[in-house]
Every structure is written in structure tokens, then in C-alpha cells.
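Results of the structural survey
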Amino acid sequence: MITAYLNILVVFAMIFLGYMLTKKQWFDNHIANVFSKLVLNITLPLSMFLNMTQKFTRAEFLELFTGLALPFVSIIVTFLISMVYSRFTRVPDTRKGSFRTMFTAANTIFMGLPVNMAIFGEKAIPYALLYYICNTTFFFTVGIMLISRDNPDNRLEKANFSFEKLLKQLLSPAILGFFVGILWMLTDMAVPKPMIDFSSYVGGMTTALSLFVIGIIIYQTGFKNLKMDKDVAGVMLGRYIISPLVVYGLSFIIPVPSLMLKVFILQSAMPVQNALPILAKGYGADAEFATTSLTYSIILYTAFIFVILTLFF
């Protein structure tokens, strides 16, 4: 347990480094956008491909994929709870969709992947990716639809939704890298060494760049602009208490291996998705609420992660 705590501190030290380098004006919003694009479009897909082709045999993967049911059902249950909670606490219509999305969807890549690797090592990556698939599918379908409905003018049609756009969002480079890695692995073909080396060097930047982006976001938001209210508190309740409890409770109905369950619990109890403030602003929703919730979720995570590790591990 002590080793896990120390590894978590390393993760937060890298976030703090990103924060301080932003304060010194080494990093800015442009750098954050560049790092985000680099991770989502290049380093993460290569990392996905490398891990799927190098860490599993076909038999191991087919056995692993049966664990997809638990995160899928847990996300649905958590979302239903968010609907009941938001009605009971009278979350305003202008932020109800964002609230339900943040309550349900976790930051499974920028925080989830580094934290799981810090605690369990690379053997946790496939399990983390299973949760990531379910989480990302929810976020880019139901989540975006809900956020768009927060617009006071209810400009759902003007949001330019189309099947082509939705398909493009679902088939992101990260998911494509994952699926290409699966297909390659299922063929039992060896990956050429130059491709392995290239993927290893470039994909290895994923963790550092992801954590730097979070540090930049915290600094750019500014602590003085953070306003805790009942809705932000409700998002924290969903992220750090209800979501992991739902996963843990469902594990008695949908049993999975011990390590897989631990990874799913950690993934379910991650901060708010990084993209929420950008999407909220783009769709005319409450961007300030989304930014405040994101920042609070990252800051409070420093305490909640130790509570989660103590209770479930």
C-alpha cells in the first residue's frame, strides 16, 4: 500500500510541475491544446496499439473481453442515479445535462491511465482500456446530447449533429489504435521491431503530456474563480462515492477477476472529463460550472484517491 501511495504522489508531482511551468509562462493554453492533440491523436493510439499487440495472446484477450459487461452496466446505473439526483436536488436546466454527464463519465485517460499504471503497472492497461471504451462511448453519444440541451435556446438542431460526425467522434484515433492493435493481435502476426521501437518511444510520452495538461488547466482556471455550490458538490458525490460503489456492488452480480475489479473501481472514481469545459462552451452550456467542477474534481482527487485505496484495496 505504501508503494501505491508513493506512486500516486509521483503522478501529482508531475501535475504540480505542469502547474508551476505554466505559472512561469513556459506553458499556456496553446501548449495545452498542442499536448492534448498530441496525446489523443498520436501518442495514445500508438500506446494502445503497442500494449494490445505486446501484452496479450488471442486466448488471453478473448477471456479478458468478457469483463466488458461490468463497466457497461455500471455506467448505465450511475447515469440513472444522476437523473434521479438532479431532479431531487433541482439542478437548473441550463446545467442539468452537464451535471449528469460529469456525474457519470470519468477522466479515464488523462488521469485514469497514469494512476492505474502507477499502482498496478502495465498489466492494468488492458482493463483500464475496457472501462475507457464504455466510458468514451457514453461520453460522445449520450453526454454530448445532454450538454447540447443545456443551451437556453435549446439549439439542438443547430449543434450540427449527424451520423457522420458521431461516427468520427466514436472512431477517435485512440479507439482506432486500440482496435487496430486487437485485430493485429488476433492474427498472431509478429509486429516488426522498428514499429515496436517507434511506438514505444512516442507512446511513452502519453503519461507525462497528459499530466502536464491537467496542471495547465488548474493554473489557467485559477483558484479564486472556483465556487463550490450544491451542484458542484453533487458532481463530486457522483465521481468519488456513487460511481465506485456502483462498480463494487455490481461485482457481486457480475463477478470479474480481482485485478480487473480494482482497475474498474479506480477508473470509475476519476475526476471529470477534461473536454467538458470546451464542449460546454461550444454548445452554449454553462462553461463556468463545467470548469469549476473539473478543477475541484482534480484538486479533491488528491484526498479521495487515498480513501478509495484504503477502502477497496
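Residues numbered from 1 in each chain as written. Predicted model: local features only at pLDDT ≥ 70, side-chain atom pairs only at ≥ 80, totals over all residues. Heavy atoms only, no water.

1. Regarding the environment of Val34
- Among the secondary structure elements, Val34 is positioned in helix 2 (residues 29-54).
- Judged by its relative accessible area of 38%, Val34 is partly exposed.
- A sequence separation of 242 residues divides Val34 from Leu276, and the C-alpha atoms of the two residues are 17 Å apart. (Helix = DSSP H or I, 4+ residues; strand = E, 2+ residues; numbered from the N terminus. Buried < 20%, exposed > 50% of the residue type's maximum accessible area, 1.4 Å probe, protein only.)

2. Regarding helix 12 (residues 230-250)
- The sharpest bend along helix 12 comes to roughly 40 degrees, located at Gly238.
- Among the residues of helix 12, the N-terminal cap falls to Asp229, whose side-chain oxygen and the backbone nitrogen of Asp231 are separated by 3.0 Å. (Bend = angle between axes of the 7 residues up to and from the residue. Polar contact = N/O pair within 3.5 Å; in protein donor to acceptor, adjacent residues only side chain to side chain.)

3. Comments concerning the nonpolar core
- Ranked by internal contacts, the top residues of the largest apolar core, which has 94 residues, are Met48, Met111, Val115, Phe264, Leu266, Tyr301 and Ile305.
- Looking at which element gives the most residues to this core, the answer is helix 7 (residues 125-148), with 14 residues.
- Each residue touching Met111, except ones within four places of it in the same chain, is listed here: Phe12, Ile15, Leu211, Ile214, Met270, Pro271 and Tyr301. (Core = buried A, V, L, I, M, F, W, Y, C linked by side-chain atoms within 4.5 Å. Contact = heavy atoms within 4.5 Å.)

4. Some remarks on unusual backbone geometry
- Despite not being glycine, Gln25 shows a phi value in the positive range, around 70 degrees.
- Counting through the fold element by element, Gln25 comes out in the loop between helix 1 (2-23) and helix 2.
- Here Asp188, not a glycine, exhibits a phi torsion of approximately 65 degrees, which is positive.
- Examined against the element boundaries, Asp188 turns out to sit in the loop between helix 9 (173-187) and helix 10 (193-203).

5. Some words on the pattern of salt bridges
- Enumeration over the complete set of coordinates arrives at seven salt bridges.
- In this structure, Asp286 engages Arg95 in a salt bridge whose closest nitrogen and oxygen atoms are separated by 3.1 Å. In this pair, Asp286 sits in the loop between helix 14 (276-282) and helix 15 (287-312) while Arg95 sits in helix 5 (residues 93-104), placing the two residues 191 residues apart along the sequence.
- Its relative accessible area of 14% is what places Arg95 among the buried residues.
- What emerges from the salt-bridge pattern is a single network uniting Arg95, Asp229, Lys230, Asp231 and Asp286. (Salt bridge = Lys/Arg side-chain N within 4 Å of Asp/Glu carboxyl O.)

6. Let's talk about the packing of helix 6 (residues 112-120) against helix 13 (residues 258-268)
- Two elements in contact, helix 6 and helix 13, have axes whose closest approach is 10 Å; the angle formed by their N-to-C orientations is 140 degrees. Judged by the inter-axis angle, helix 6 sits oblique to helix 13. At the point where helix 6 passes helix 13, the crossing takes the right-handed sense. When helix 6 is examined against helix 13, the residues Gly112, Leu113, Asn116, Ile119 and Phe120 are found in contact with a partner set consisting of Leu259, Lys262, Val263, Leu266 and Gln267. (Axes fitted to C-alpha atoms, helices over the stretch in contact; angles between N-to-C directions. Parallel < 35°, antiparallel > 145°, perpendicular 65-115°, else oblique. Left-handed = near helix turned anticlockwise from the far one by under 90°.)

7. Topic: the packing of helix 7 against helix 9
- Where helix 7 contacts helix 9, the two axes come as close as 12 Å, and the packing angle between them is 135 degrees. Overall, the two elements helix 7 and helix 9 adopt an arrangement that is oblique. Where helix 7 crosses over helix 9, the two elements pack in a sense that is left-handed. The residues of helix 9 that touch helix 7, namely those facing Leu129, Tyr132, Ile133 and Thr136, are Ala174, Ile175 and Phe178.
- A breakdown of the residues in the contact of helix 7 with helix 9 according to their chemical character gives six nonpolar, one polar and no charged. (Nonpolar A, V, L, I, M, F, W, Y, C, P; charged D, E, K, R; others polar.)

8. Some remarks on a nonpolar patch on the surface
- On the surface, Phe72, Ile76 and Leu80 cluster together into a nonpolar patch covering about 290 Å² of accessible area.
- Assignment of secondary structure puts Phe72 in helix 4 (residues 69-88). (Patch = residues over 30% accessible without salt bridge, like charges linked within 9 Å, V, L, I, M, F, W, Y side chains within 5 Å. Areas by Shrake-Rupley, 256 points an atom, 1.4 Å probe, with all protein chains shown as cover.)

9. Some thoughts on the side chain of Thr292
- Residue placement: Thr292 occurs in helix 15.
- Residue classification places Thr292 among the buried positions, given a relative accessible area of 5%.
- Among residues more than four places away in sequence, those in contact with Thr292 are Asn225, Leu226, Lys227 and Val232.

10. Things to note about the packing of aromatic side chains
- Scanning all chains against the criterion turns up 15 aromatic pairs.
- Between Tyr240 and Phe304 the ring centres are 4.7 Å apart and the planes differ by 20 degrees, which places this aromatic pair in the stacked class. A residue pair is termed long-range when its members are at least 10 positions apart, and Tyr240 in helix 12 and Phe304 in helix 15 qualify at 64 residues.
- The cationic tip of Arg95 hangs over the ring face of Phe289; the distance from NZ or CZ to the ring centre is 4.2 Å. (Phe/Tyr/Trp six-rings, centres within 6.5 Å; stacked < 30°, edge-to-face > 60°. Lys NZ or Arg CZ within 6 Å of the ring centre and 35° of its normal.)

11. Quick notes on helix 5
- With 12 residues, helix 5 extends 17 Å from end C-alpha to end C-alpha; this agrees with the ideal 16 Å at 1.5 Å per step.
- Buried residues along helix 5 sit against helix 4, helix 7, helix 12, helix 14 and helix 15. (Expected span 1.5 Å × (residues − 1).)

12. Observations concerning the side chain of Gln267
- Position of Gln267 among the secondary structure elements: in helix 13.
- Among residues more than four places away in sequence, those in contact with Gln267 are Ala106, Thr108, Gly112, Leu113, Asn116, Ala128 and Tyr131.

13. Digging into the environment of Ser297
- Mapped onto the fold, Ser297 is located in helix 15.
- Through-space distance from the C-alpha of Ser297 to that of Leu113 is 16 Å; in sequence the pair is 184 residues apart.
- Setting aside chain neighbours within four positions, we find Ser297 in contact with Met236, Tyr240, Pro271 and Val272.

Without other data, these values stay purely geometric and don't point to any function.
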